[in-house]
Structure formats: structure tokens, C-alpha cells
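Results of the structural survey
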Amino acid sequence: MASDISSLLAEDRPSASTAEAAWRAAEIEAFAEAVLDGLARRPRSIPSRFLYDATGSALFEEITKLKEYYPTRTETKMLETFGAEIAEHAGDADILVEFGSGSSRKTSLLIDALDNLHTYVPIDVSESFLAEAAKRLVARHDGLTVKPLVGDFTRARTLIGAPRGERLGFFSGSTIGNLTHAEAKAFLENAAQLLGRGSVFLIGVDLKKSLDILIPAYDDEDGVTAAFSLNLLARVNRELDGDFDTRRFAHCALYNEHKGRIEIYLESLTDQKVSVRGRSFSFARGERIHTENSHKYSVHEFQVLASTAGWRPITAWTDADDLFSLHLLRLV
Ligand SMILES: C[S@@+](CC[C@H](N)C(=O)[O-])C[C@H]1O[C@@H](n2cnc3c(N)ncnc32)[C@H](O)[C@@H]1O
């Protein structure tokens, strides 16, 4: 198995491009294992991180612009409004580490607010997207060093090439909601190791709210979210020699009240057989593959979760419509 995280900058280590190639090969094998195991299991499931290949990341960018998708515009507005206050608490930070950075579009607001910042370390599993975002940020922020790391943020044990210093963590877009409570706690504990004692962590977390707002955000009328979900099956076809007919599956978004989360499924529209890497899987009409969760938290629920992982709440902001929250935490 190759390293779980790899630097996209060849100058960090002479063997960086070899490590990246090894990471890519290991990632395809991890995808194959997740799909073959996940389709054999009941209920069927595939982990959500595999939604983000280059096509998935581009589709997610389209989702962020939809009128139904309130999280991105709300969090962006909040970063604009509370940037100075964030800087008051985290102004000493000289290194910004972002988990699941995607396009890094919102990050520029944070970078602009932090006077002492000299290094930005974005971590994402979507390699081409990460490299593009890194280039854009270098061009936009004079004097900023960008050290992109490609890999799974739940498994990163070191930040290759990142200098020592005061670290500020950033986890935006309520990506933490994709993790179960147990996974989120483990993630926060691991992030504590990576960021170090005394560091500050800014996390965007989606709030519980009415289903009239919540469901369309995950099932828009133009079908962009459906295309994002179905791309997972197309990715299986592209990378794992699969023969899914994406027209015979439908995107489905439900709210699980008991678990406080949106659940996304791909539902078979007919009885059918599908083959992946030579293995055959039968689907009955109505049978589903679980592809994503998006947990929703009250401010108090999230503060309790963060505290169990060693992070002390400094403050939390919500927007005027109570759609989204931004949590500022310190590692004690
Ligand atoms: C919901 S998007 C949010 C992107 C961005 N932070 C924003 O707010 O617009 C989730 C991002 O996390 C990345 N991601 C998801 N799971 C990951 C994992 N396990 N390790 C690293 N990156 C991951 C995806 O590639 C994607 O860019």
C-alpha cells in the first residue's frame, strides 16, 4: 500500500512524483475494494469520498451555485462578516491547513483576513482540482506559499513539507457532516495531532432545519445533484471496468430524523445485473446503494462532539436565518 498522503510539489522531496503515482495506483485499488465490498454487503454502500473524481468535483462546483444549495453562499457571507473576529482569535496563525479544500474559493476570504499567514496547506482527495486551486491561490495571494497534499484527510498522519509554526485548521462546507459521529470524533482527534496544542480550528457545520429547505438542497430541480451522484457509477465504469447503465438508477435524497442526517442513495429502477471487474451483482427494482450522509448539528450538539475530541469551543456564529454555523475551537 502506498503512502496515504502525498505532496503535489516535486521540490518537497525528489521522489514526490513517484509517491504521487504510487498514491494514484493505491487509490484505484482502494476504490475497487470499496466498490466490490460495498456492493456485496447489505445494505449496499460506497464511501462518499469516491464521489470526488475530476468530474465529481466539477459537478460539486456547479451544485455550490444552485439557488437550492444554501450552504456555500451562507458560509461565504459568514466568512466575509466574521473574518475580522476570526482574525482576532487566530491572528497569530502563520500556517493555514484546510481539510477537503476543493476549489478553495472561500479560503481566499480567510487568507485576506490573516496578516501573519505565509503558508497554506490544502488537503484533498481530488488531485487535479487540488493542483488547479493551488495555482489559482498562488497567483492571487502575493507571497503566499502553497503546499497541496493529495490524500484522505481521515488518514493523514503527517503534513509533508509543512513548516513548523502556529497552525490554523479550516474545514468548510460542512464536509464534517459526511462523517458519522464516531468518524467525526476520530477525525477531530487526528486533526488535533496534525495541528498541535494551542492551535485554532474553524469548522463550517450545517444546522438542523425544515425539510422544505433541506431536501431541495440535495435534490435540485435541474438535476445537478443527481448528475453528481450518478457520476459515481460512471466512475466505476471508467476506472473499474464496470457496466452500470446510469439511466437505470435514480438519485434519491431522504432525511433520517432519528440520525439527524440527509442520506443519499442510488436506487435501481429495474431488476438488473451489473458487472464490476468481472464480478456480477444483481439488483432488484427499488434496491439502493447508500452513497452519502450529511449530518446536521445544533450549535450545542457540535460543541459537545468537538469537546469529546479535546477541542474547546471559543465561539460559534450562525447566520440571520439559522441555516449554517461556523465554529471556532482551540486545542487545549
Ligand atoms: C462538500 S465538498 C466541500 C469543498 C469545499 N471545502 C467547499 O466548502 O466548497 C468536500 C470536499 O472534500 C473532499 N473530500 C471528501 N472526502 C475526503 C477525504 N476523505 N479526504 C480528502 N478529501 C476529501 C472532496 O474532494 C471535496 O473537495
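As shown above, the structure is provided for reference.
The structure contained in this document is the topic of the report that follows. Since the structure is predicted, the reported quantities are computational estimates derived from the model, not experimental observations. (Residues numbered from 1 in each chain as written. Predicted model: local features only at pLDDT ≥ 70, side-chain atom pairs only at ≥ 80, totals over all residues. Heavy atoms only, no water.)

A word on the sheet that holds strand S13 (residues 288–295)
By definition, the strands of a sheet pair up through backbone hydrogen bonds, in either a parallel or an antiparallel sense. If you walk across this open sheet you meet the 4 strands as S2-S13-S10-S9, and the pairing is mixed. Each edge of the sheet is formed by a strand with only one pairing partner; in this case those strands are strand S2 (44–45) and strand S9 (249–256). Direction of pairing for strand S10 (residues 261–268) relative to S13: antiparallel, over a ladder of 7 bridges. When the sheet's bridge partners are listed, Glu 263 is paired in S13 with Asn 293. Running over the sheet, helix H7 (residues 211–218) touches S9, S10 and S13 and is turned about 150° from S9. Most of the contacts of helix H8 (residues 224–240) go to S9, to which it runs at about 115°, and overall it touches S9, S10 and S13. (Pairing = 2+ DSSP bridges. Helix = DSSP H or I, 4+ residues; strand = E, 2+ residues; numbered from the N terminus. Contact = heavy atoms within 4.5 Å. Axes fitted to C-alpha atoms, helices over the stretch in contact; angles between N-to-C directions.)

Here's the deal with the nonpolar core
With 63 residues, the main nonpolar core has Leu 39, Leu 202, Phe 244 and Val 276 as its most contacted residues. The residues touching Val 276, leaving out its near neighbours within four places in the chain, are Val 35, Leu 36, Leu 39, Val 236, Leu 240, Asp 241, Gly 242, Phe 244 and Phe 281. Membership of the second largest hydrophobic core comes to 33 residues, among which are Val 97, Ala 156, Ala 162 and Ala 192. (Core = buried A, V, L, I, M, F, W, Y, C linked by side-chain atoms within 4.5 Å. Buried < 20%, exposed > 50% of the residue type's maximum accessible area, 1.4 Å probe, protein only.)

Description of the site of the ligand
With respect to spatial proximity, 16 residues lie near the ligand, and among them Gly 100, Lys 106, Asp 124, Phe 153 and Ser 172 are the closest. One nitrogen or oxygen atom from the side chain of Lys 106 is found 2.7 Å from an oxygen atom belonging to the ligand. A distance of 3.5 Å separates a nitrogen atom of the ligand from a polar atom in the backbone of Gly 151. The fraction of the free accessible surface of the ligand (590 Å²) that becomes covered by protein chains is 94%. When the residues that make up the shell around the ligand are grouped by side-chain class, the tally is 4 nonpolar, 8 polar and 4 charged. (Near = heavy atom within 4 Å. Polar contact = N/O pair within 3.5 Å; in protein donor to acceptor, adjacent residues only side chain to side chain. Areas by Shrake-Rupley, 256 points an atom, 1.4 Å probe, with all protein chains shown as cover. Nonpolar A, V, L, I, M, F, W, Y, C, P; charged D, E, K, R; others polar.)

Some points on the pattern of salt bridges
As enumerated under the stated definition, the model contains 21 salt bridges in all. Notably, a salt bridge pairs Glu 29 with Arg 277, separated by 3.0 Å at the nearest N-O pair. Within this pair, whereas Glu 29 is found in helix H1 (residues 16–40), its partner Arg 277 is found in the loop between strand S11 (272–276) and strand S12 (279–283), the two being separated by 248 residues in sequence. When its relative accessible area of 42% is taken as the criterion, Glu 29 is described as partly exposed. A relative accessible area of 37% places Arg 277 in the partly exposed class. (Salt bridge = Lys/Arg side-chain N within 4 Å of Asp/Glu carboxyl O.)

What about helix H2 (residues 54–64)?
Those residues of H2 that fall on the buried side of the exposure criterion are Gly 56, Ser 57, Leu 59, Glu 61, Ile 63 and Thr 64. Against the buried residues of H2 lie helix H3 (70–90), helix H5 (127–140) and H8.

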